[in-house]
Amino acid sequence: MSENLLEQLQTYAAQSNGKISVARKGETFIEVDQDHIKDFISHLINDLRILHLATITGLDLGQNIGIIYHFEQDKDTIHVRSTVPKAQSTAVSIVDIIPGAILYEMEIHDMFGVTFTGNPWINQKLLLPDNWPDDLPPPLLKTTKPAEIRKRLHLEVEQK
Amino acid sequence: MFESLTKWARTRSPWVYHINASSCNGCDIELVASLTPRYDIERFGAVLVPSPRHADVLIVTGTVNAQTKDRLKRVYDQVPEPKHVIALGACAVSGGVFKGCYNAGQGIEDVIPVDMFIPGCPPRPEAIMYGVLKLLGAVK
Amino acid sequence: MSDESKVREESAGLMEYSVENLVPFGPIHPALKEPEYFKLILEGEKIVQVIPRIGYVHRGLEKAAESRPWVQNMYMFERTCGICSFVHSLCYGQAVEGLTIYEVPRRAKYIRLIIAELERIHSHLLWVGLMGHWAGFETMFMWVWNDREVVLDLVEAISGNRVHKSMNAFCGVRRDMPENMEDRIVERMKFITDRAHYYREIIDTEETMLARTENVGNKINQETAEKLCAVGPMARYVGLRQDVRLNDPYAAYDEVPFDIVTRTEGDVRALLRLRLDELVVSANMISYAVKHLPEGPIRVKIAPIIPAGEHSSHCEAPRGEIFYYVKSTGGRTPDRVKSRQPTMANIPAALELLKGQTLADVPMVLTAIDPCFGCMDRMSFLETGSQKQWTWSGEQLRQYGIKHYFPERFNANHSKFKEAH
């Protein structure tokens, strides 16, 4: 990563209360809280012109759920991470800045149960089947077991 | 006598309906490749039809996930008697690599009765043709 | 009556909104409740909004990856998709290799490049054939897929399988290039190049393809493509120089000379030209790589326990950028694997491409983004004026398109199949 870009990232990270760390081979990780995430991403897009969002990943971190936005520009990858507590998993949607993020946010809603306020399609299922029971916890949480999901979805057949 | 005539016609030219039930598309491509000039399954009379109501043989690929399970059953019911079902590929036979995944079945035999299993990941077009023709031989 | 006029008002609002605004996603139409793969809302003959529902092939790979050993996951992720399977295992492999201290040997990088480009050629040929099939040009479909067999023969000679090659291993490849393959590969690549030029001529001059691809598809500009996170050919066909092989080279792409193909016309025909030209570039790359294949080992064995950390990797699959993110806590199994396929990234752009198109053009536009087969299997429609709802299989939609453009041809070939509308 060029020195210039790193400096600018550090400036914006400082403005947004964020922590920045550079890992090996050109990968930068930046922690930003939910109050500042939208501003920070606006800076990335409008000021630094880092336009390509590869995807958004959800992560089970025990008490919290991590939401990582992966931005790419040439050889640099910038991972912007924000966390929401599991007990109250609502996050800010970035669909009005980057419309292409709409499906990624829907996927995290399906897999981790995080609701992105501002996403017009957030209540529609993208990947999960229609007969997914409402009381079954989201599949990618560490506490949800595949065997239980299979039973509730009627995919298990009793051995004859 | 009429029955044996229709049986003869059916074995000469099986009308095949293909349904993809959560497949990675590998088996589907090899099935479509068997229509192309090098393998040319059509010279044996097999024809892919656009609707299950016209079909004699149902070819199913993929592990059946919760979303496609009902649809597979509905399509099976729409195929008129006498009907035959071919499970194409390791996923349709037993769940394949995805056995144990939270939204993957373990073979289509749990959903509909199967007459012929064609294993492989994916099976080669020659294997597909051999399976289809062997099934017809059994009918004959 | 009031419901109907309300619906009309709502959908009129959708159309206006989408033409003026960059954010194309309005609220979901309340009338559509069926679980079909694509839901298309029409006003008269024109598409106003499209809502995707892609859960038909969701099997739960990411969850399963957390309980399987690292190396087993490589062969599981290969089977995410039958068409770009090698690139999936390559991208996963690179993401995991980044967490270790080992380097991939140079010969392995070249072999990876050769197989990846062979896969690109086979995928593009498959797609060109399918475009012919959906347009009603069966002959082209048969000829293109016949030529594709040449490529699959090469893949089989090198890796042992036609579709799921399983060539990758961590820090290397599993099989070496066989002896005396160089001449054979160069000769076959010349053949493929000649055929690609021939098909290029066909799509530029033949009546069926011209009628169904020229000026078809809503034109989007570069800014829209970027904001919608389009990848691969969907970004390049509006002029963006976006290609992972160029922007962030992996495998041997920094040593093998090539240039990417971009176009600016912004219609479906531009995509056809782009993919055929890319084919030729790939064939040249393979010939070069085979002639300059370095000596040396093909693999470095690594321990089954991957050190803790997070890493991501991306590759250029035939359909666009593939992205993998991997997190390890120092165990035998991953803590988290995230895989993002290119089609998912291209769906928002595809929805935009369909706006304002007529029903007969839907099959060509949807196939143009190079989706998975099954995505096209079943679609439901709602016409807001008459409130008519219906569901079609992919085949029914295809036949509708052909009948609309070439009514004489449709009747001659498919008279025995009654149209199901």
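Residues numbered from 1 in each chain as written. Chains lettered and ligands numbered in written order. Predicted model: local features only at pLDDT ≥ 70, side-chain atom pairs only at ≥ 80, totals over all residues.

Talk me through the overall build of chain B; I want residue IDs and the actual numbers.
From N to C terminus, chain B includes 5 helices and 5 strands. Counting from the amino terminus, chain B carries its helices and strands in the arrangement α-β-α-β-β-α-β-α-β-α. For a compact globule of 140 residues, the expected C-alpha radius of gyration is about 14 Å, and chain B comes in at 14 Å, within 12% of that figure. Across its three principal axes, chain B shows a C-alpha extent of roughly 50 × 35 × 25 Å. When burial is assessed residue by residue, chain B has 53% of its 140 residues classed as buried. Across chain B, contacts joining residues at least 24 apart in sequence account for 79% of those joining residues at least 6 apart. (Helix = DSSP H or I, 4+ residues; strand = E, 2+ residues; numbered from the N terminus. Rg over C-alpha atoms; globule rule 2.2 N^0.38 Å. Buried ≥ 20, exposed ≤ 12 C-beta atoms within 10 Å, placed from the backbone. Contact = placed C-beta atoms within 7 Å.)

Let's hear about the pairing of strand 5 (residues 309–317) of chain C: which residues, and what values?
Residues and elements named next belong to chain C. Counting buried positions along strand 5 yields 8 of 9 residues, so the element is predominantly enclosed. Across 9 bridges, strand 5 lies against strand 6 (residues 320–328) in antiparallel orientation. Looking at strand 6, one finds that Glu310 is bridged to Lys327. (Pairing = 2+ DSSP bridges.)

Kindly report on the interface of chain A and chain C, identifying the contributing residues and their values.
Listed per partner, the contact involves 32 residues of chain A and 33 residues of chain C. Among the elements of the structure, strand 3 (52–61), strand 4 (64–73) and helix 3 (102–112) of chain A are those that each provide at least two residues to the side of chain A that touches chain C. Element by element, the count of residues in the side of chain A that touches chain C is highest for strand 3 of chain A, at 6 residues. Of the residues belonging to the side of chain A that touches chain C, the class tally is 17 nonpolar, 7 polar and 8 charged. (Nonpolar A, V, L, I, M, F, W, Y, C, P; charged D, E, K, R; others polar.)

Could you give me a rundown of the domain arrangement of chain C, with the residues and numbers involved?
Residues and elements named next belong to chain C. When its domains are assigned, chain C resolves into domain 1 (2–56 + 344–413) and domain 2 (62–340). Residue-level contacts link 26 residues of domain 1 with 28 residues of domain 2. Mapped onto the side of domain 1 that touches domain 2, the elements with two or more residues apiece are helix 13 (342–354), helix 14 (362–368) and helix 15 (394–405). For the side of domain 1 that touches domain 2, the element with the highest residue contribution is helix 13, accounting for 8 residues. (Domains from an automatic or database assignment.)

Tell me about the sheet that holds strand 4 (residues 84–88) of chain B, and name the residues and values.
Residues and elements named next belong to chain B. Strand order across the open sheet formed by 5 strands is 2-1-3-4-5, with parallel pairing between neighbours. Strand pairing shows two members of the sheet lacking a second neighbour, strand 2 (47–48) and strand 5 (116–118), which therefore form its edges. Examined bridge by bridge, strand 1 (residues 15–20) and strand 3 (residues 57–61) share 5 bridges and lie parallel to one another. Looking across to strand 3, one finds that His18 is bridged to Ile59.

Got a sec to walk through the interface of chain B and chain C? Specific residues and values, please.
In this assembly, 29 residues from chain B lie in contact with 32 residues from chain C. Elements that contribute at least two residues to the side of chain B that touches chain C include exactly helix 2 (26–33) and helix 3 (66–78) of chain B. When residues in the side of chain B that touches chain C are grouped by element, the largest group, 5 residues, is from helix 2 of chain B. Of the residues belonging to the side of chain B that touches chain C, the class tally is 12 nonpolar, 13 polar and 4 charged.

Explain the sheet that holds strand 1 (residues 38–43) of chain C to me, and be specific about the residues and the numbers.
Residues and elements named next belong to chain C. Spatial strand order, 2-1-8-9: 4 strands in an open sheet with mixed pairing. Only two strands of the sheet have a single neighbouring strand rather than two, namely strand 2 (46–52) and strand 9 (388–393). Adjacent strand axes in the sheet meet at a mean angle of 20°, parallel and antiparallel pairs treated alike. The pairing of strand 8 (residues 378–383) with strand 9 spans 6 bridges and is antiparallel. Looking at strand 9, one finds that Leu382 is bridged to Gln389. Packing against the sheet, helix 15 makes contact with strand 8 and strand 9, and its axis sits at approximately 100° to strand 9. (Axes fitted to C-alpha atoms, helices over the stretch in contact; angles between N-to-C directions.)

Describe in detail the environment of Ile114(C), supporting the description with residues and values.
Residue and element names in this part refer to chain C. By the secondary structure assignment, Ile114 is in helix 5 (residues 106–135). Classification of Ile114 as buried rests on a count of 29 C-beta atoms within 10 Å. Separated by 169 residues in sequence, Ile114 and Ala283 have C-alpha atoms that sit 9.4 Å apart. If sequence neighbours within four positions are ignored, Ile114 has contacts with Ile286, Ala289 and Val290.

With reference to specific residues and values, describe helix 3 (residues 70–78) of chain C.
Within helix 3 of chain C, burial applies to Trp70(C), Asn73(C), Met74(C), Met76(C), Phe77(C) and Glu78(C). Packed against the buried residues of helix 3 of chain C are helix 2 (61–65), helix 4 (85–97), strand 3 (168–169) and strand 7 (336–340) of chain C.

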